[in-house]
Amino acid sequence: MRVLIIGASHAGAQLSANLRQDGWTGEILVIGDEPALPYHRPPLSKTYLAGKTTIDDLLIRPAEFYAKNDISFRVGRVASINRQAHSVTLSDGEEVSYDKLALCLGARPRRLPIAGAELAGVHYLRDAADIEAIREGLAGARRVVIIGAGYIGLETAASLRKLGVQVTVLESAERVLQRVTAPEVSTFYSRVHREEGVDLRTGVSISAIEGDERVRGVRLADGEVIDADLVIIGIGVVPNTELAEAAGLAVDNGIIIDAHGQTSDPDIVAAGDCANHVVPRYDRQLRLESVPSAGEQAKAAAATICNKAKAITALPWFWSDQYELKLQIAGLNEGYDEVVLRGDPDSGRSFACFYFKQGEMIAADCVNHPKEFMFARRVIGERMPVDQSQLADPESSLSDLLKAALSSKV
Ligand SMILES: Cc1cc2nc3c(=O)[nH]c(=O)nc-3n(C[C@H](O)[C@H](O)[C@H](O)COP(=O)(O)OP(=O)(O)OC[C@H]3O[C@@H](n4cnc5c(N)ncnc54)[C@H](O)[C@@H]3O)c2cc1C
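Residues numbered from 1 in each chain as written. Predicted model: local features only at pLDDT ≥ 70, side-chain atom pairs only at ≥ 80, totals over all residues. Heavy atoms only, no water.

What follows deals with the domain arrangement of the chain. Each assigned domain of the chain is listed with its residue range as follows: domain 1 (2-44 + 52-107 + 237-305), domain 2 (122-233) and domain 3 (324-409). Just the C-alpha atoms count here: the centres of domain 1 and domain 3 sit 34 Å apart. Across the domain 1/domain 3 interface, buried area totals approximately 570 Å², and carbon plus sulfur atoms make up 46% of it. Considering only the surface of domain 1 that becomes buried against domain 3, R281, Y282 and R284 emerge as the three largest contributors, covering 87% of it. Put simply, domain 1 and domain 3 have two salt bridges between them. One salt bridge in this structure joins E334 and R284, with 3.0 Å as the shortest N-O distance. Inspection of the region where domain 1 meets domain 3 yields six residue pairs in polar contact (both at pLDDT 80 or more). Looking at the side of domain 1 that touches domain 3, its residues break down into three nonpolar, no polar and two charged. (Domains from an automatic or database assignment. Buried area = accessible area lost by both parts, 1.4 Å probe. Salt bridge = Lys/Arg side-chain N within 4 Å of Asp/Glu carboxyl O. Polar contact = N/O pair within 3.5 Å; in protein donor to acceptor, adjacent residues only side chain to side chain. Nonpolar A, V, L, I, M, F, W, Y, C, P; charged D, E, K, R; others polar.)

Structure below.
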């Protein structure tokens, strides 16, 4: 009996380990198209870009772990799935059979459809090879333009500033992190990046990337050209769902899975950035892009393969490291109607922003505030009531607030 996992990254690595924990005694084969064993992706835009870590430092688990647990890896790209035959075909034509199949296909960077985007010196940022190319390009580069002020763009800006590079960030929205945070949090990050020397421009539209063979600059719609030795584009990702779609699985902004990681085929599970499932706390179908979610979904999918029920129930959370700022995000803020701030985002470098919907806390962004983050995870997860005015007072005790919340919950 063989479980075949396609995709050797966060979801694939977790799934393979959990299969053994859950008692799978058959073969486990992981096929991924990157040359390395699964590695942590978040440090790519941080320590790996800065040249402070090697891929070996970033491995999710050492090679010995996989050897000890009899988990095999193969480098290859899966081109199609034949559900009737229970097999996949690799791009070199070889067929590999499976009894159970796990799709851990992740996501790829969204391409910017603009003139010049194919020039040498224009980069996207998803895997170790992308960073290696950026690092090579950085040798001798002084000016970098980053297109997109989401987490990836801002983390990259922070890493490059630490390396002493001149950085311009261009964002078409009116504020940074517009899709994911409240205006107060955007203002905070804009201030910090400007204090760190980033030339941050929001509300700009780009008409072309200029250069002959190599990039020379970025032309804005108003005609201004910003000189650039290197351009990095970080405008979001697209889930890798084509294999699943072609195989006739249910797909809608991600491969649809149930609460146990199962796709519309009982012999196929999916997990990670490529998957879309109902998040119970919010009762909504969502595709999440984070390491903790990939891990949770992979655990549920492994349990399903082993005929053990383990539903995906965890509250989504995320983090982002920029400069000395550790942002921890609990929950999802979509649909919030009120925010409560604890600490001042307009000065200093730590505060928390709690999101409320109809009086109930639904999410929190905590900058260098780990206790507030832990508090928020509990309050949101257990849907506890909180006194907003006390929460807004940075001197108030979180444990007292929690006690009060617990007693009013009962
Ligand atoms: C620079 C960067 C920084 C990040 N920072 C954070 C952070 O701070 N916190 C956080 O929570 N998340 C962060 N993320 C997001 C996080 O890395 C992803 O959510 C996570 O990698 C998802 O894991 P995954 O296994 O689902 O997919 P992926 O990591 O995308 O892996 C999928 C793998 O499958 C392979 N693959 C796809 N199709 C095929 C095929 N047909 N055949 C063979 N192989 C295939 C891909 O090449 C890839 O190796 C960051 C991501 C990046 C790129």
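According to the stated counting rule, one finds eight aromatic pairs in the structure shown. On the basis of an interplanar angle of 35° and a centroid distance of 5.8 Å, the ring pair of W317 and W319 is categorised as tilted. When the centroid spacing of 5.8 Å and the interplanar angle of 55° are considered together, the rings of W317 and F373 count as tilted. Taken as a pair, W317 in strand β22 (residues 317-322) and F373 in helix α9 (residues 370-381) lie far apart in primary sequence, 56 residues in all. The partly exposed category is assigned to W317, whose relative accessible area is 25%. Judged by relative accessible area, F373 falls into the buried class, the value being 2%. An aromatic cluster of three or more residues is present, and its members are F65, Y66 and F73. Between R281 and the ring centre of Y282, over which it is positioned, the NZ or CZ distance is 5.2 Å. (Phe/Tyr/Trp six-rings, centres within 6.5 Å; stacked < 30°, edge-to-face > 60°. Helix = DSSP H or I, 4+ residues; strand = E, 2+ residues; numbered from the N terminus. Buried < 20%, exposed > 50% of the residue type's maximum accessible area, 1.4 Å probe, protein only. Lys NZ or Arg CZ within 6 Å of the ring centre and 35° of its normal.)

For the coordinates displayed, the defined rule picks out zero disulfides. Cysteine C104 is unpaired, with the sulfur of C274 as its nearest cysteine sulfur at 6.4 Å. With no disulfide of its own, C353 lies closest to C366 among cysteine sulfurs, the gap being 8.8 Å. Overall, C353 belongs to the buried group, its relative accessible area being 0%. (Disulfide = S-S within 2.5 Å.)

Looking now at the environment of T263. Relative to the helices and strands, T263 is located in the loop between β18 (255-256) and β19 (268-270). Accessibility expressed as a relative area gives 6% for T263, which makes it buried. Along the primary structure T263 and A275 are separated by twelve residues, whereas in three dimensions their C-alpha atoms are 9.0 Å apart. Residues in contact with T263, not counting those within four places in the same chain, are L249, I255, I256, I257, I268, V269 and A270. Polar side-chain contacts of T263 include one of 2.7 Å to the backbone oxygen of I268. (Contact = heavy atoms within 4.5 Å.)

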